[in-house]
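A look at the structure
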Amino acid sequence: MFSQLEPHPADPILGLTVKFKADSHPEKINLGPGVYQDDAGHTPILDCVKAAEQLRVDKETTKAYINSAGSSLFNDRIAALNLGDHRVIRENRVRTISTPGGTGALRIAGELIRTCKSGGTIWVSDPTWANHQGVFTAAGLTVKTYPYYDYENKCLDFTAMVEALKQVPADDAVLLHACCHNPSGMDLSQEQWQEIAELARDIGFFPVVDMAYQGFGEGLEEDAYGVRLMADTVDEMILCSSCSKNFGLYRERIGACTVIGESAATADIINSVLLPIVRVNYSMPPAHGAAIVETILGSGELTAQWHGEVKNMRDRINGMRQLLVDKLIANGVTRDFSFITAQKGMFSFLGIDREQVQRLQDEFSIYIVGSSRISIAAIAPDNVDYLAQSIAKVL
Ligand code: LMR
C-alpha cells in the first residue's frame, strides 16, 4: 500500500515550529505561526476563557452527541458577533454551523461550493494564507489568484485587484480576508470594501469571506465592517470565522461556517445540504470550544472581560510593530520599514528575500515563513533587540 509514497515536504508554517523546537540556540525566536504570545513569550489562556471553562465544568451534565451543526447557542452567538445586529439575521437568511476551527469552516465552504457547482473555481488573493490553496483544492475546487499586494511599494495593489476581479466569471467564488490580511497585514479601507462589494453584486461573483482575526486589527466592530457591508450588498455569501485567535482557543478547534441565502427558504435548503457534508467529513464538530465561547458571549460580565483581553492583545501587537521599526533604525538599518506600523493584525511581510530568510534561520535561529511573513505576535521586549540586530546583519 505505502511502498510508492514519496516523503512530503513539511508544512510551510507548521514545519517551522518543529525545527524551532529542535533548535537549542538560547536566543531562538519563532516568528512562524500566527499564535499570540505575551511579553514573556507565553501563549496564555484568557481569563474569561478560564472562567467560562470552570462554569462549564460545574454545569455540564452530559457528553452525548449534539448534532452535525453543533450547539445552536454557539451558532447564533457567533453569527451575531461576526455580523452584528444585521438585517440578514432578522430576515432569517443566515444558517451557521460550528466547525473544527476556521480551517474546518473553509473546507466545508469549499465542499458546499463544489456541491453547487462541480468543478467550480475560487479566486484567492496573491499572496494568501499558505493553507487556502490546499484546503480548496482538497475540497475539489480549482484555485486561481487575483493580485493583491504590491511587493515593490509594500502596499495594497487595489487597482490591479479591481481589474482582475472585473474579469472573474459570474458564479466563480472569490475569497476575501475580512481583516488582518494573512500574510500581508494590508487591509481594504471602507471605501475599497464598498467598491469590492458593488463589484460582487454587479458581476455576480460569489463572496467567501475568511474572518480569522476579528478584533486584532482595529477592534471587534471595526474589523467586521467589510463582511457586514458585503452581507448588505449581495444576496448570497459565505463567512468562515475562527475563534482560535480572538478567544485564544487554538487547540480546541472551534470556528463557524455561516451561509447567507437569498431567502429563509433557500437558507433552509442550504442548511440541509451542509449537514451531510459535515456528516461524511467528521460527523460532528468538537463541542468544548463552542461551549466556552457561547458561555462568554452569553454573559455580559464575561463578554466585557473578553473585550478587554482582546484589546490588550491587539495593543501589545501594535506596540511591537512600532518597537521593531524603532529598533531596526537603532541598529543602523537605513531601508524604510515604516510600512510595518501601517499593517494590521498578527502579520507583516518584511520584504526580504528567501536567501535572507534562510540566513536568519541558519545563522540566527530566527524562524520566519519563506515569503518573509513574520508573526508580530511573537515579538517581545526581550527578543526585539536580537531580532533587529539579526535582520540588520542579513540585509
Ligand atoms: C498562521 O497563518 O500562521 C495561522 O493561521 C496558523 C496556521 O494554522 O497556519
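So, here's what we can say about the structure. (Residues numbered from 1 in each chain as written. Predicted model: local features only at pLDDT ≥ 70, side-chain atom pairs only at ≥ 80, totals over all residues. Heavy atoms only, no water.)

When two helices pack together, their arrangement is given by the angle between the helix axes and the distance between those axes. Between helix 11 (residues 288-297) and helix 12 (residues 300-330), the least distance of the axes is 6 Å, while the angle of their chain directions is 105°. By the angle between their directions, the pair helix 11 and helix 12 is classed as roughly perpendicular. Where helix 11 approaches helix 12, its residues T295, I296 and L297 are matched on the opposing element by L302, T303 and W306. Residue classes in the contact of helix 11 with helix 12 are distributed as four nonpolar, two polar and no charged. (Axes fitted to C-alpha atoms, helices over the stretch in contact; angles between N-to-C directions. Helix = DSSP H or I, 4+ residues; strand = E, 2+ residues; numbered from the N terminus. Parallel < 35°, antiparallel > 145°, perpendicular 65-115°, else oblique. Contact = heavy atoms within 4.5 Å. Nonpolar A, V, L, I, M, F, W, Y, C, P; charged D, E, K, R; others polar.)

Moving on, we get to the packing of aromatic side chains. For any pair of aromatic rings, geometry is given as the distance between the ring centres together with the angle between the planes. Scanning the entire structure with this criterion turns up eight aromatic pairs. When the ring of Y151 is compared with that of F349, the centres are 5.8 Å apart and the planes differ by 40°; the resulting orientation is tilted. With a gap of 198 residues between them, Y151 in the loop between strand 5 (149-150) and strand 6 (155-156) and F349 in strand 11 (residues 347-349) connect regions that are remote in the sequence. Overall, Y151 belongs to the partly exposed group, its relative accessible area being 43%. Judged by centre distance (5.8 Å) and plane angle (40°), the rings of F337 and F339 are tilted. (Phe/Tyr/Trp six-rings, centres within 6.5 Å; stacked < 30°, edge-to-face > 60°. Buried < 20%, exposed > 50% of the residue type's maximum accessible area, 1.4 Å probe, protein only.)

Turning to the packing of helix 3 (residues 72-83) against helix 11, a few remarks are in order. Interaxial distance between helix 3 and helix 11 falls to 9 Å at its minimum, and their mutual angle equals 60°. The angle between the axes of helix 3 and helix 11 places the two elements in the oblique class. Between helix 3 and helix 11 lies a crossing whose hand is left-handed. Seen from helix 3, the contacting residues are L73, F74, R77, I78 and L81; seen from helix 11, they are A290, V293, E294 and L297. (Left-handed = near helix turned anticlockwise from the far one by under 90°.)

We now examine the site of the ligand. Residues in close proximity to the ligand include I13, P33, G34, W129, N182, Y213, K245, F347 and R373, which together make up its full environment. A distance of 3.0 Å separates an oxygen atom of the ligand from a polar side-chain atom of W129. Contacts to the ligand include Y213, whose side-chain N or O atom sits 3.5 Å from an oxygen atom. Coverage of the ligand by the protein chains reaches 79% of its 260 Å² of free accessible surface. (Near = heavy atom within 4 Å. Polar contact = N/O pair within 3.5 Å; in protein donor to acceptor, adjacent residues only side chain to side chain. Areas by Shrake-Rupley, 256 points an atom, 1.4 Å probe, with all protein chains shown as cover.)

Together, D171, D235, E236 and E262 make up a region of like negative charge exposed at the surface. With respect to the helices, strands and loops of the structure, D171 is situated in the loop between helix 7 (158-166) and strand 7 (173-177). (Patch = residues over 30% accessible without salt bridge, like charges linked within 9 Å, V, L, I, M, F, W, Y side chains within 5 Å. Salt bridge = Lys/Arg side-chain N within 4 Å of Asp/Glu carboxyl O. Lys, Arg positive; Asp, Glu negative; His and termini not counted. Charge placed at Lys NZ, Arg CZ, Asp CG, Glu CD.)

Before going further, it helps to spend a moment on the pairing of strand 10 (residues 255-260). Counting buried residues in strand 10 gives six out of six residues, a clear majority hidden from the surface. Taking every second residue as pointing to the same face, both faces of strand 10 are buried, with G255, C257 and V259 on one and A256, T258 and I260 on the other. As defined by bridge partners, strand 2 (residues 94-99) adjoins strand 10 across six bridges and the pair is classed as antiparallel. What sits directly across from I97, in strand 10, is C257. As paired strands, strand 9 (residues 237-242) and strand 10 are joined by six bridges and run antiparallel to one another. Counterpart to C240 in the pairing with strand 10 is C257. (Pairing = 2+ DSSP bridges.)

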